[in-house]
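Take a look at the letters that make up each chain.
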Amino acid sequence: MSTAPSHAGKRSSTLQGGRLPKWAPYAIAAGSLALGIGISAAAGLSSSIQWALIAAILYILGTYVVAAKVENRRQAKDRVVTSLVWVAFLLAVVPLASLVWSTVQRGTKVLDGYFLSHSMGVVADSETGGGIYHAILGTLEQVGLATLIAAPIGVLTAIYLVEYGRGSLARAVTFFVDVMTGIPSIVAGLFILSIMLMFEMEPFGFAGSLALAILMMPVVVRSTEEMLKLVPNELREASLALGVPKWRTILKVVLPTSLGGITTGIMLSIARIAGETAPVLLLVFGSKFINSNPFEGAQASLPLYIYQQYGSGEAAAYDRAWAASLTLIAFIMILNLVARGLARWKAPKTGR
Amino acid sequence: MAKRIDVSGLNAYYGSFLAIEDISMTVEPRSVTAFIGPSGCGKSTFLRTLNRMHEVTPGGRVEGKVMLDDENLYGTGIDPVAVRREVGMVFQRPNPFPTMSVYDNVAAGLRLNGSYKKSQLDDVVEKSLKGANLWNEVKDRLNKPGSGLSGGQQQRLCIARAIAVEPKVLLMDEPCSALDPISTLAIEDLIGELKERFTIVIVTHNMQQAARVSDRTAFFNLAAVGQPGKLIEIDDTERIFSNPSVQATEDYISGRFG
């Protein structure tokens with residue numbers, strides 16, 4: 001596994017040291033993998049997680065021992081920590097990759113133009129066919145309305161906190177924003193539901209938007225605040241020193257400078273609320289039919305559709321639930337990409 | 001066009017901390033006045049009281065009188081925004097607006113104040129850039145981002161931006177401290193030209209620079225850390241550097257302390 005340099009014995013310089021060849025980590029990895037599988041087979045362990053763990057531990061131990069022998073202890077520690085970082089990275093990526101993989105695998109079964117453009121209508125859960133058009137429409141309307149409410153309020157709150165907020169009012173606002181960040185989505189739903197019950201209203205899409213807006217607002221405030229704080233004070237002073245009033249300075253200098261970051265923050269918060277089920281379940285109720293009016297009558301939404309289809313326990317409904325999940329993930333992925341694109345496009349330019 | 005500044009009995013605070021105490025001086029129009037002194041003695045703070053930028057700092061507060069010709073900048077009913085249009089400022093670090101092109105940076109003062117005619121804008125931008133000795137270097141890249149220029153060019157862009165709104169007084173807070181000697185020379189030459197049109201006040205840590213560019217020099221000092229800074233003396237630059245009337249000034253200039 002190791003190759004000690006041939007000239008190790010006649011080292012003349014104090015700066016020179018042993019060095020593992022570039023292929024050494026791969027050799028150690030292959031060796032420990034083989035050994036791990038061997039040990040597992042001998043001990044009769046069948047789970048692939050078990051032999052992967054044994055191999056990982058063997059790899060880290062092997063790296064340390066080999067590197068300590070050929071190089072020195074500092075290099076050995078460096079290699080071990082590098083390996084640990086890689087293991088942590090793999091641990092983080094494996095669930096994500098497997099989630100995307102299984103969603104794509106199962107979701108593409110019924111995902112086609114018909115599925116995207118038709119509602120469940122009179123299709124029973126046990127039958128094949130049907131689609132998610134009504135759910136996409138509901139999600140777009142509910143999330144869109146929630147964004148229309150939460151984004152301006154959130155951005156303005158952040159502007160107040162960063163540009164004007166002094167003293168106890170600003171501290172109180174910050175505190176309540178923090179509290180709001182921790183509100184479970186079901187509680188936000190219950191809050192709106194209690195108001196709806198007071199006025200004896202039936203479920204409708206906009207009620208869901210209100211609950212989603214409550215969830216979205218603190219995220220927008222926080223991200224916008226961070227972005228505004230990144231704007232150098234010198235720019236504000238430069239503008240003020242030109243005799244520009246403060247509000248115009250904020251509008252024309254501070255906001256454009258941080259626009260990319262603010263947009264990204266809003267997009268990410270949209271992605272966060274697009275997957276909420278609980279408040280929608282309470283307030284919008286779900287529906288099999290196309291209802292394009294968010295202000296009257298029950299509506300569907302993608303996460304709620306997934307929940308209800310999966311809950312029905314029929315094979316055809318499972319397929320539809322996976323396809324809807326894939327659509328939701330794709331929707332959020334597209335939003336993220338758009339946010340990144342906007343951030344890059346709007347970022348202050350440095351080119352010559 | 002240039003105006004005289006007459007300061008009397010000026011105190012400036014940060015919260016309850018008295019930063020500069022009882023400063024009185026006159027700044028002559030169409031001349032360059034340099035402020036020198038050790039770090040923390042309140043030169044920059046004093047400079048910022050002259051266009052009411054001091055109060056932008058949280059807790060910043062000013063007492064006393066600053067007369068711009070015959071108007072007290074701290075009188076009742078004075079709009080700080082209007083003051084800053086008359087008294088422009090250039091900062092230590094070049095700070096062009098990163099979202100704007102070279103052209104937009106120079107036009108920013110007029111555009112953001114909303115008081116301009118579209119047809120005049122091109123002329124103002126060209127005139128200001130020429131005034132800042134930058135026109136020849138940037139005339140082919142007016143629509144490129146201002147932050148793509150070199151440090152010295154950026155600082156001259158900031159000067160162009162400041163003079164585009166036609167202030168009466170131009171305050172410069174160590175405008176060359178982030179620049180190399182060649183860019184510094186360019187800006188010093190520029191200061192020499194600008195004083196024909198503006199009243200210029202410059203804060204500098206570089207005493208040779210003060211000697212080179214200024215007509216009058218003010219020396220600030222503070223008794224100890226935590227004590228307020230004070231104006232020790234102000235006189236013709238030649239006298240300050242050859243035969244100052246206060247011993248502390250001579251000590252500072254000859255490098256015996258500070």
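Since the structure is predicted, the reported quantities are computational estimates derived from the model, not experimental observations.

Draft legend 1. How the structure looks around the overall build of chain A. Scanning chain A for helices and strands turns up 13 helices and zero strands. When its helices and strands are written in sequence order, chain A yields α-α-α-α-α-α-α-α-α-α-α-α-α. For 352 residues, the compact-globule estimate of 2.2 N^0.38 gives 20 Å, and the C-alpha radius of gyration of chain A, at 28 Å, exceeds that figure by more than 25%. Classification of the 352 residues of chain A by burial places 41% in the buried group. Sequence separation of 24 or more characterises 70% of the internal contacts of chain A that already satisfy a separation of 6 or more. With 27 positive and 18 negative side-chain charges, chain A shows a separation of 20 Å between the mean positions of the two kinds.

Draft legend 2. Representation of the state of the cysteines within the structure. Residues and elements named next belong to chain B. Tallied over the entire structure, the rule returns zero disulfides over all chains. Here Cys41 stays unpaired: no disulfide links it, and the sulfur of Cys176, its closest cysteine neighbor, is 18 Å away. Counting only cysteine sulfurs, Cys176 is the nearest neighbor of Cys158, a cysteine outside any disulfide, at a range of 12 Å. For Cys158, a relative accessible area of 3% corresponds to the buried category.

Draft legend 3. Seen up close, the pairing of strand 10 (residues 229-236) of chain B. Residue and element names in this part refer to chain B. Pairing geometry for strand 9 (residues 216-222) and strand 10, over seven bridges, is antiparallel. In the strand pairing of strand 10, Arg216 is matched with Asp236. Hairpin connection from strand 9 to strand 10: six residues lie between these consecutive antiparallel strands, with Gly226 at a positive phi of about 95°.

Draft legend 4. Seen up close, helix 7 (residues 185-198) of chain A. Residue and element names in this part refer to chain A. Taking 1.5 Å per residue, 14 residues should reach 20 Å; helix 7 reaches 20 Å between its end C-alpha atoms and fits that length. The complete set of buried residues in helix 7 reads Ser185, Ala188, Gly189, Ile192, Leu193 and Met196. All buried residues of helix 7 fall inside an arc of 135° around its axis, so they share one side. Of the residues in helix 7, the exposed ones pointing more than 90 degrees away from the buried face are Leu197 and Met198. The elements touched by buried residues of helix 7 are helix 8 (205-230) and helix 11 (278-283).

Draft legend 5. Main features of the domain arrangement of chain A. Residues and elements named next belong to chain A. Partitioning chain A into domains gives domain 1 (3-107) and domain 2 (133-346). Facing six residues of domain 1, the contacting portion of domain 2 comprises five residues. Across the domain 1 to domain 2 interface the summed buried area is about 550 Å²; carbon plus sulfur atoms make up 78%. Counting the surface domain 1 buries against domain 2, the share from its top three residues, Thr103, Arg106 and Gly107, is 76%.

Draft legend 6. Quick peek at the environment of Ala207(A). Residue and element names in this part refer to chain A. For Ala207, the location among the structural elements is in helix 8. Considered as a pair, Ala207 and Leu328 are 121 residues apart in the sequence and their alpha carbons are 21 Å apart. Those residues in contact with Ala207, other than ones at most four positions away along the chain, are Ile192, Met196 and Leu283.

Draft legend 7. Just the interface of chain A and chain B, in detail. Residue-level contacts link 22 residues of chain A with 32 residues of chain B. A buried area of about 2200 Å², summed over both sides, lies between chain A and chain B, and 63% of it is on carbon and sulfur atoms. Remark: the boundary between chain A and chain B carries two salt bridges. A salt bridge links Arg48(B) to Glu237(A); the nearest nitrogen and oxygen atoms lie 2.7 Å apart. Along the contact surface separating chain A from chain B lie five residue pairs in polar contact (both at pLDDT 80 or more). Those elements giving two or more residues to the side of chain A that touches chain B turn out to be helix 9 (233-241) and helix 10 (246-274) of chain A. A total of seven residues in the side of chain A that touches chain B trace back to one element, the largest contributor, which is helix 9 of chain A. Each residue belonging to the side of chain A that touches chain B can be placed in one class, and the counts come to 10 nonpolar, five polar and seven charged.

Draft legend 8. Focus on the confidence of the model for chain B. Of all residues in chain B, 98% have pLDDT values of 70 or greater, and the mean over the chain is 90. Across the assembled chains, the prediction reports ipTM 0.89 with pTM 0.83.

Draft legend 9. The pattern of salt bridges, seen in detail. According to the stated counting rule, one finds 24 salt bridges over all chains in the structure shown. Close ionic contact of Lys229(A) with Glu225(A) constitutes a salt bridge, the shortest N to O distance being 3.8 Å. You can see Lys229(A) and its partner Glu225(A) sitting in helix 8, four residues apart, about one turn around the helix. Under the relative-accessibility criterion, Lys229(A) is labelled exposed at 52%. Looking at Glu225(A), the relative accessible area reads 5%, which means it is buried. Across the pair Arg93(B) and Glu234(A) runs a salt bridge whose closest N-O atoms are separated by 3.2 Å. Of this pair, Arg93(B) sits in the loop between strand 6 (87-90) and helix 3 (102-113) while Glu234(A) sits in helix 9, each in a different chain.

Draft legend 10. A look at the nonpolar core. In this structure, Met25(B), Phe35(B), Phe46(B) and Phe220(B) are the most contacted members of the largest nonpolar core, which totals 96 residues. With 11 residues, helix 10 of chain A is the single largest residue contributor to this core. Beyond its immediate stretch of four places on either side in the chain, Phe46(B) contacts Val7(B), Leu10(B), Ile20(B), Ile23(B), Met25(B), Phe35(B) and Phe220(B). Grouped together as the second largest cluster of nonpolar side chains are 43 residues, Val90(B), Ile187(B), Met207(B) and Ile253(B) included.

Draft legend 11. Inspection of the UniProt feature "domain: ABC transmembrane type-1" (unreviewed entry) in chain A at higher detail. The feature "domain: ABC transmembrane type-1" (unreviewed entry), as annotated in UniProt, sits at residues 136-339 of chain A in this numbering. Secondary structure content for residues 136-339 of chain A is 80% helix and 0% strand, while the C-alpha to C-alpha distance between its ends is 20 Å.

Draft legend 12. Structural context of the packing of aromatic side chains. Considering all chains together, one arrives at eight aromatic pairs over all chains under this definition. When the centroid spacing of 5.4 Å and the interplanar angle of 70° are considered together, the rings of Phe175(A) and Phe176(A) count as edge-to-face. Ring centres of Phe219(B) and Tyr252(B) lie 5.0 Å apart, and the angle between their planes is 35°; on these two criteria the pair is classed as tilted. Placement of Phe219(B) in strand 9 and of Tyr252(B) in helix 10 (residues 247-253) is noted, with a sequence separation of 33 residues between them.

Quick notes on the rules
Residues numbered from 1 in each chain as written. Chains lettered and ligands numbered in written order. Predicted model: local features only at pLDDT ≥ 70, side-chain atom pairs only at ≥ 80, totals over all residues. Heavy atoms only, no water. Helix = DSSP H or I, 4+ residues; strand = E, 2+ residues; numbered from the N terminus. Rg over C-alpha atoms; globule rule 2.2 N^0.38 Å. Buried < 20%, exposed > 50% of the residue type's maximum accessible area, 1.4 Å probe, protein only. Contact = heavy atoms within 4.5 Å. Lys, Arg positive; Asp, Glu negative; His and termini not counted. Charge placed at Lys NZ, Arg CZ, Asp CG, Glu CD. Disulfide = S-S within 2.5 Å. Pairing = 2+ DSSP bridges. Expected span 1.5 Å × (residues − 1). Arc of directions from axis to C-beta. Domains from an automatic or database assignment. Buried area = accessible area lost by both parts, 1.4 Å probe. Salt bridge = Lys/Arg side-chain N within 4 Å of Asp/Glu carboxyl O. Polar contact = N/O pair within 3.5 Å; in protein donor to acceptor, adjacent residues only side chain to side chain. Nonpolar A, V, L, I, M, F, W, Y, C, P; charged D, E, K, R; others polar. pLDDT = per-residue confidence, 0-100. Core = buried A, V, L, I, M, F, W, Y, C linked by side-chain atoms within 4.5 Å. UniProt positions renumbered as here; feature names shortened; annotations may be inferred. Phe/Tyr/Trp six-rings, centres within 6.5 Å; stacked < 30°, edge-to-face > 60°.

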